[in-house]
Every structure is written in C-alpha cells, then in structure tokens.
Amino acid sequence: MISQDMTGSCPSWIINFKDQSILTAVSKTEDYFPSNLNDFRGYLKIRFPFLTEGTLDNLLNQETDNAEFSFINLRFKSKNISADYRSLQLEEYQDNRVPQSKRQNSVAINGNENHEIIYFKYLKKSREILWSGPLCNLLGYEDGNLRSFILWDWLKIIHPEDRKLVEDFVSREHYEKDNYSFTYRVRNKKDTFQYLTNNIRVFKSAITQEEGLTGTLINALQHKKKIKTLEDKKDVLQNLTEKNFIQNMMTEVSAISTLFKGQNLFEEINHLIYKKLGIRFCIIGNLESGTNKMEILSICESGKNINDSDKWWENLLNEELLPIDPANNFLMISSEKDHVLSHISFFIEHKITSLLRLSLFDTEMNKIGTLCLLHDQPFNNKAYYGELFSILRDWISKELNRCRFENVLQETNFMHDAILNGTAYAIFAVNHQFELILINNKTLPVFNLNNKDELMKTKLLKNDTNTTLLEVISDFLKSSLKTDYFHLPIGEDDYKELKISFTKIQYGNENKESYVIFVDDITDRTLSEKKLIASEQLFRSIAENFPRGSVDVLDKSFNYLFTDGEEYQLSGTDPKSLIGTNLLKQFSGDNLKITKSSLNKVLRGQRVSYETEARHMKFLQSGVPLMNNAKEVDRILLVTQNITEAKRLESDKEKLIKDLKSHNEELLRFAYIVSHNLRAPIVNISLLLDLYNDENPADPGNREIWENLKISTNLLDTTLQDLIEVVSIKKQKIPKVEQNRL
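The numbering scheme is per chain: residues are counted from 1 as the chain's sequence reads. Local features in a predicted model are, by the rule used here, given only for residues with pLDDT of at least 70; side-chain atom pairs are given and counted only at 80 or more, and totals for whole chains, interfaces and linings are based on all residues. Side-chain figures throughout are based on the complete set of non-hydrogen atoms in the structure, without hydrogens or water.

**Considering the overall build of the chain**
Here is step 1 of the chain: Within the chain, the secondary structure is distributed over 22 helices and 28 strands.
Here is step 2 of the chain: Any residue under 20% of the maximum accessible area for its type is buried, any over 50% is exposed, and the rest in between are partly exposed; the area is computed with a 1.4 Å probe on protein chains only. Counting only residues that meet the buried cut, the chain has 39% of its 742 residues in that class.
Here is step 3 of the chain: The contact criterion used is simple: two residues touch if any of their non-hydrogen atoms lie within 4.5 Å. Taking as baseline every contact in the chain between residues at least 6 positions apart, the subset at least 24 positions apart corresponds to 47%. The way it works is that DSSP assigns letters per residue, a run of H or I at least four long becomes a helix, a run of E at least two long becomes a strand, and they are numbered from the N terminus.

**Re the side chain of Asn-198**
Here is step 1 of the chain: Relative to the helices and strands, Asn-198 resides in strand 9 (residues 193–204).
Here is step 2 of the chain: A distance of 2.8 Å separates the side chain of Asn-198 from the side chain of Tyr-184, its partner in a polar contact.
Here is step 3 of the chain: For Asn-198, the side chain forms a polar contact with the main-chain oxygen of Thr-216, separated by 3.2 Å. Pairing of N or O atoms within 3.5 Å defines a polar contact, subject to two protein rules: one partner must be a possible hydrogen donor and the other a possible acceptor, and residues neighboring in sequence count only if both atoms are side-chain atoms.

**With respect to helix 12 (residues 312–321)**
Here is step 1 of the chain: Listed in full, the buried residues belonging to helix 12 are Trp-313, Glu-314, Leu-316, Leu-317, Asn-318 and Leu-321.
Here is step 2 of the chain: Buried-residue contacts for helix 12 involve strand 11 (281–287), strand 12 (294–301), helix 14 (345–349), strand 15 (354–361) and strand 16 (367–375).

**Focus on the nonpolar core**
Here is step 1 of the chain: Counting 37 residues, the largest nonpolar core has Phe-266, Ile-273, Leu-277, Ile-279, Leu-371, Leu-373 and Phe-389 as its most contacted members.
Here is step 2 of the chain: Of all the secondary structure elements, the ones that give two or more residues to this core are strand 6 (117–123), helix 10 (242–259), helix 11 (262–277), strand 11, strand 12, strand 15, strand 16 and helix 15 (382–422).
Here is step 3 of the chain: Broken down by element, the residue count for this core peaks at nine residues, all from helix 15.
Here is step 4 of the chain: When near neighbours in sequence (up to four residues on either side) are disregarded, Leu-371 contacts Asn-270, Ile-273, Ile-283, Ile-284, Leu-356, Arg-357, Leu-358, Leu-360, Phe-389 and Ile-396.
Here is step 5 of the chain: Each nonpolar core is a collection of buried residues, namely Ala, Val, Leu, Ile, Met, Phe, Trp, Tyr and Cys, held together in the definition by side-chain atoms within 4.5 Å. Core analysis: the next-biggest nonpolar cluster, separate from the first, contains 26 residues, Phe-120, Tyr-122, Leu-138 and Leu-213 among them.

**A short note on the packing of helix 11 against helix 15**
When two helices pack together, their arrangement is given by the angle between the helix axes and by the axis-to-axis distance.
Here is step 1 of the chain: Where helix 11 meets helix 15, the axes come as close as 10 Å, and the angle between the chain directions of the two elements is 170 degrees. Relative to helix 15, the element helix 11 is oriented roughly antiparallel. Contact with helix 11, carried on its side by Gly-262, Leu-265, Phe-266, Ile-269, Ile-273 and Leu-277, involves Tyr-384, Tyr-385, Leu-388, Phe-389, Leu-392, Ile-396, Glu-399, Leu-400, Arg-402 and Cys-403 of helix 15 and no other residues of that element.
Here is step 2 of the chain: Polarity classes work like this: nonpolar for Ala, Val, Leu, Ile, Met, Phe, Trp, Tyr, Cys and Pro, charged for Asp, Glu, Lys and Arg, and polar for all others, with Gly in that last group. In the contact of helix 11 with helix 15, the residues fall into 13 nonpolar, one polar and two charged. The convention used is that axes are lines fitted to C-alpha atoms, helices contributing only their stretch in contact, and that angles between N-to-C directions extend from 0 to 180 degrees. Orientation categories follow fixed angle ranges, with anything under 35 degrees roughly parallel, anything over 145 roughly antiparallel, 65 to 115 roughly perpendicular, and all other angles oblique.

**Some thoughts on unusual backbone geometry**
Here is step 1 of the chain: The backbone of Asn-448 shows a phi angle near 55 degrees, a positive value even though the residue is not glycine.
Here is step 2 of the chain: Within the secondary structure, Asn-448 sits in the loop between helix 16 (443–446) and strand 19 (459–462).
Here is step 3 of the chain: Despite not being glycine, Phe-558 has its phi angle at roughly 70 degrees, a positive value.
Here is step 4 of the chain: Here Phe-558 is to be found in the loop between strand 24 (549–554) and strand 25 (560–564).

**Digging into the pairing of strand 12**
Here is step 1 of the chain: Summarising burial for strand 12: six of the eight residues are buried, a large majority.
Here is step 2 of the chain: Pairing between strands requires that DSSP locate at least two bridges from one strand to the other. Where strand 11 meets strand 12, seven bridges bridge the pair, whose relative direction is antiparallel. Paired with Ile-284 across the two strands is Ser-298, which belongs to strand 12.
Here is step 3 of the chain: Sheet analysis places strand 12 next to strand 13 (residues 304–305), joined by two bridges and oriented antiparallel. Bridging from a neighbouring strand, Cys-300 pairs with Asn-305 of strand 13.
Here is step 4 of the chain: Hairpin connection, strand 12 to strand 13: the antiparallel pair is bridged by two residues, and Ser-302 has positive phi, about 50 degrees.

**A look at the pattern of salt bridges**
Here is step 1 of the chain: What counts as a salt bridge is simple: a side-chain nitrogen of Lys or Arg found within 4 Å of a carboxyl oxygen of Asp or Glu. For the structure shown, the criterion picks out 21 salt bridges.
Here is step 2 of the chain: Across the pair Arg-75 and Glu-68 runs a salt bridge whose closest N-O atoms are separated by 3.2 Å.
Here is step 3 of the chain: With relative accessibility at 52%, the residue Glu-68 sits in the exposed group.
Here is step 4 of the chain: Among the salt bridges present, the one from Lys-164 reaches Asp-168, with a minimum N-O distance of 2.6 Å. Placement of the pair is Lys-164 and Asp-168 together in helix 7 (residues 160–170), with a separation of four residues, close to one helical turn.

**Section: the sheet that holds strand 14 (residues 330–334)**
Here is step 1 of the chain: Taking strand neighbours across the sheet as the criterion, the six strands line up as 13-12-11-16-15-14 in an open arrangement whose pairing is antiparallel. Only two strands of the sheet have a single partner each, and these edge strands are strand 13 and strand 14.
Here is step 2 of the chain: In this structure, strand 15 lies alongside strand 16, joined through eight bridges in antiparallel fashion. Within the sheet, the bridge partner assigned to Ser-359 lies in strand 16 and is Thr-370.
Here is step 3 of the chain: Helix 11 contacts strand 11, strand 12, strand 13 and strand 16 of the sheet and is inclined by roughly 45 degrees relative to strand 12.

**Points about helix 7**
Here is step 1 of the chain: Among all positions in helix 7, only Asp-162, Val-166, Phe-169 and Val-170 are buried. For helix 7, the angular spread of buried residues about the axis comes to 90 degrees, placing them on one side. Turned more than 90 degrees from where helix 7 packs its buried face, Pro-160, Glu-161 and Lys-164 sit exposed. Arc definition: it is the arc formed by the directions from the helix axis to the C-beta atoms.

**Focus on the sheet that holds strand 25**
Here is step 1 of the chain: Strand order in this open sheet of five strands is 25-24-28-27-26, and the pairing throughout is antiparallel. Two strands in the sheet have a free side with no partner beyond their single neighbour: strand 25 and strand 26 (608–614). When strand polarity is set aside, the average angle formed by the axes of neighbouring strands in this sheet is 20 degrees.
Here is step 2 of the chain: Where strand 24 and strand 28 (residues 633–642) come together, six bridges link them in antiparallel fashion. Bridge pairing links Val-551 to Val-639 in strand 28.
Here is step 3 of the chain: This element, helix 20 (residues 589–603), spans strand 24, strand 26, strand 27 (617–627) and strand 28 of the sheet and lies at about 155 degrees to strand 26.

**As for the packing of aromatic side chains**
Here is step 1 of the chain: Side-chain rings of Phe, Tyr and Trp (the six-membered ring for Trp) are treated as a pair once their centres are within 6.5 Å; stacked means planes under 30 degrees apart, edge-to-face means over 60, and tilted covers the remaining angles. Applying the stated criterion to the full structure yields 16 aromatic pairs.
Here is step 2 of the chain: Each ring, one from Phe-169 and one from Phe-182, has its centre 5.2 Å from the other, and the planes form 70 degrees; the classification is edge-to-face. Placement of Phe-169 in helix 7 and of Phe-182 in strand 8 (residues 179–187) is noted, with a sequence separation of 13 residues between them. Residue Phe-169 shares its accessibility class with Phe-182, and that shared class is buried.
Here is step 3 of the chain: A centroid spacing of 5.7 Å and a plane angle of 25 degrees characterise the contact between Phe-502 and Tyr-515, whose relative ring orientation is stacked. Taken together, the residues span a long stretch of sequence, with Phe-502 in strand 22 (residues 494–507) and Tyr-515 in strand 23 (residues 512–521) at a distance of 13 residues.
Here is step 4 of the chain: Within the aromatic cluster, the residues linked to one another by ring pairs are Phe-169, Tyr-175, Tyr-180, Phe-182 and Tyr-184.
Here is step 5 of the chain: Lys-398 extends its terminal NZ or CZ atom over the ring of Trp-395, reaching a point 4.2 Å from the ring centre. Counted as over-ring charges are cases with an Arg CZ or a Lys NZ within 6 Å of the ring centre that also lie within 35 degrees of the ring normal.

So yeah, pure geometry; function would need other evidence.
Below is the structure:
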C-alpha cells in the first residue's frame, strides 16, 4: 500500500531497498516518478537545493529508524515501515503561529508560489528569448505561449510608445556598459498594460564569442510597493530568516543554471555572489585532468569579468591561495591582522582581509575544482556563511561535474566524428528493422547517391547476378561470411569494385541488434594492383634474363619494393628477404656516400650511373626515376651489374696495350740501330774491300786497309751485341750470341 496524507496534496514515496526502486504516491502536486533510489536522490537535490548531502543521507538511510528535517514551512519525515521498505513524506505548514512575514516567504511544495522575478536570456544571433520562472504569474500567459518567443513576438506585446526604446536597445551592435535597467509597459493576458522593470546585463560566450543579454523582469509597481513597505517596517526586514535568504539565492542559482552552460554559467554564479553578498573577488577554478593545477573558469571583480589571458590570476590561485592550509576543504579566514594573509602582496595592495576557499567535488568525492572568495571586509557571521556556501558548494560542484562530463563527452564526440568521417571507408549502420541510424560523409559519394533514403535500394552485381544492398545485409545475417566483394554499376560497361564488411552489435538487456557496414571502394586499388603485378612480371622477366646482375624497385625512402636477378643466385641470397628493407643499410663509407647522393639525384628526376664495391667485387649501378600519373617521382628503378670480370679484362687489355706500345718503341729503336749503327760499319767494310789490292797482297797499303777493316768489324760486332741485347735480353726471346772474332 502507498501511504498518502489526509489532504492528498502532499507527496510521499516508499523506498524498496531490495531493488532500489521507488513507489510514488499519486498526488496533484507531483508529476515526476523516479525509477530508482539514485534518480530519486538527484531529484530531491535539484527540487530542494537546501537539502545537504548529510540531510539526504539521514532521510534515505535504511539504518536510521526515524528522521525529520524542517525548513521554513516544509517538513520532511522518513521512517522504516519494514525490513526492506522506508517511507518519506513531505508536509507543508499551515500553522497560524508561524509569523505572517515567514508565511509570505514560505516555499510552496508544488512550486507555483507567486514569484515576482522572471529570468531571461536573449541570443542576438538567433533572436531567441529563453525564459526561466513562472511567466503565467507575471503576465497571465500560459508558459507555453512564451517559451518559444523570438524577439519580434516580445516586441508585439510591448506598448507602442515603449516599443522603439526596447527595439533600439537590443539592436545595438555593441554596448558601452555591462549593466542596464529601464521600465516599460507590456500587454498582459487581460489585455491591459502593466509596468515591468527590466534589469539587463551584457554577456559574451567564451566559446562562440556570441554576444547576448541576460537579466530579470519584475512587476515594477509591486516591486516599488514592496521596497516602500520594507522601508516602513524595518522590523519585518530584520525578521527575514537567513534560511529564507539562502533559499531565495538557491532559487536564483537554479534559474541561472537553466539559461547558461559552461563558462557563462560560472560567470553568472560569480555575478550572483557579488550581487547578493557584495564579495569583491570571486574565482571558480577547475582542476586540470592528471595534474594538481587549477585553471581559471571564471573570475570577476565587483561583478565585472576579468580576462586572465596572461595567467596572472591563475598563478595567484595556484601559488598563493591554494597552498594556504591545503588539506582544508572549507577554509575561512576573516581578520584584518591575520598573519596568514599578511605575506601576500596582492592582499596588502587591495586591502584583502577575508578569504573563503572551498574545494569542489564530484559524486565520488574526488576534488575537481575550487571556489575562492576574497573580500576587503571581514566575514562577521561565519556560521551563516558556512551554511550558505555548504549548500552553494554542492550546487557548483554538481554544475562543474556536469560541465566536465559534457566537455569529455564533447571531446569524445569530436573524436568519434573525426574517426567516423576521417576514414576513407564508407560506414553506415542500420537497426534490426534495417532502418538507417548512422551514416558517415563517405557513404553517399561511394554509392553515387544524393539521398540517404535510396541507400538500401542500391543495386549491386555479384557473379553477374543483381542484388540490393538490403539483400546483401540480409545474406550476411544468414551466413558466417563477414566480408564479400561486389560490383556497383556506374555506367555502360563500367563499374566500381566494392569490398563490403559486416559487423553485428548487440546491446541492452533485451539484446537488441544493430548492424554496422563498412564499404571500401577498391576500384583504383585493384587497377593499381593489376598494374603492379604486370610491372612486377616485367621486372622479373628482365631480371631473370639479365646476366650477372639484379633489378631493384625502391620507394622514395630507398626501401625494396621488388628485387630479383641472377646475381642473387650466384651469391646464395634470397631476394624476397630484402623486400621492405633499406638499400642503404648494405653500404658504408664511400659506397654509402655515393649511393645516397646518386639516389637523391634520381628523386629529383635525373638518371645516374655509379660504381660500388662489395665482397671484393665491383658493381655498376644505373638509376632511373619512375613517375606516377601526376608526373611525380614515386619509385626508383635501379639496375645493378657485376662488372668484376669486365674490370679484370679491362686491366689485362690496358697491360697488353702497354706491352704493345713498349714493343713498338723497341722496334723503332731496332730500326734505328739497323738503319744507322749497323749500316755504317758495313759500308766501311764494303769500301775497304774495294780498296784492297788482291793482286798484290803484299802491297803496304793493304796493311792499313786491313787495320781499318778490323776497326769496322769490331764496330759491327758491338752494334750486333747491342741489337741482341734489345731483342734477347729485354724480350728474352732471342738468346745472346757469342762474340765472333774475325
């Protein structure tokens, strides 16, 4: 049975601790039905921000028999009704003993109390107006009539005499001041005009740099009347409770959080703290992931934002403010002569006498940030500030944790988008009903489509059989095959070749299924592979018929793409083991230098030839650039020939030429000897014989002739010996002739 109060207007709940479920009593004031204890706890924190973590623990703890908490006109009661069930009931005071001033400022359970402040945010770019607060109470219109207002809709209900004032103001390109306030007339639901006071503040988004306006709308006449009443009855003002002030402030924080996100939200919180408490410097910091350093999210002085582009404030926060009693998560120092603050020059310069520093935590009580308040006046009521900022800290922590989560989520989304749309594949997903639920930016171009609704009807060819993409996915589901190849017709006798891969994903308690399909257009790759195979066959044919050499194809980093040749067979090397390795690793010294220099010339489009030496053999290398379709060098053809034998033959040839040249020189010398040294004595002998008197041998002249004949003979013998030396000693082909004496 679900417990209900007697009037049926106060909400109550039953907690089932066995499955952490929540039973909600049907009530005219409740339209939210939490499904589990965690959701319920979060709902209570948002709905009633004055409930601290400790209070919630006390109310919702199974170990506590009975718990009760009162706040102004509200009372929470909880108790165990069995071993596994606990009830929680919320009641509203109707006690005449409660002073009228308190009842006027009471908190209504259903949230429909007559608020007089409406918060708004105007986005200049979209001209949209966002509202927070019960608009129907202010002007009588239903909330839905104003929630989707744009500027023109608002201008239409402003009094014609005041309309230009508002229109001119919101149409400004820039604003000289940060805050404005003016009063104008607006038509209400009763078709009469009432005065509204519009307090406006200019804001700018830190992310988009978009400028806008935010502020409040209040009933001008009631506001003035209330101020006068409070001035006349200062005793009533004195009796306003501090808890009521806290509740009002948290109500404003809640309204702000519905209008602003990210850095703008924290700026608005700082402005609110200044507006409500007058604290001079307000700093909200975020703990950077993986470090102990705080980054500034928002900082304001006397309600005005401060730009910390030079990181001065961030350094002050990390180097001066956080090291003060670092283990204290709720530090409050308030004294004009406190020695802890006296050594900080900034505090002395700005006459700072009070410091309030709070650590901000996530749901697992990990520190995620800090709230630092600096003031030039002492905090007189420390207990009051303690209670206020304990509540405020929980709220700011929740907003900071949400902001951090959204930033991580946004970063993750950016990464997912980059991965999804940065790949060369077409990727899309369908649910179990084959409805498209995900598609990247490559999918439609791959299938030559303009409309994603036509995707599943795309016709494909497999073994000359027509099929649709929907049928392909269905066939994948029926078989264990996860990859297949298809042709996509793109014209007469022309097609794309597609590689389609399939993955099934199951999720949820009911094991629902979705199917992710990856499509790779391999048309160009297949054509390139065919060309590569043809090129490889050509290179291999050349290499196999290339004597004492090899044919290499290198990439731009000089790694082997292909290599083969007779030289590998002779050296006992497996050419396949070289594929992927770097050619330059085979060389050192001068060989490395000339190889690297020559190949760099090939990359610049030149043809080169150079020689290297390895294993006591000599090689002739010839490099040729290979161009792609863009006329750019993307590979190198290197032909290597073993020229060791040719070099040896060339050396023998040079030696033979040298010998022949030497022979020629000796022949010339021989001819000279024959023509000069040998001929002269022979002529002398011939002439002496002619002078010899053979008729009278005793002729005394014959003796002289005979003496001269001996001289010529000796001269001839000497010449012959020289000739024999030339022919026999140097060439060792003719033996020495013994000297013959005449």
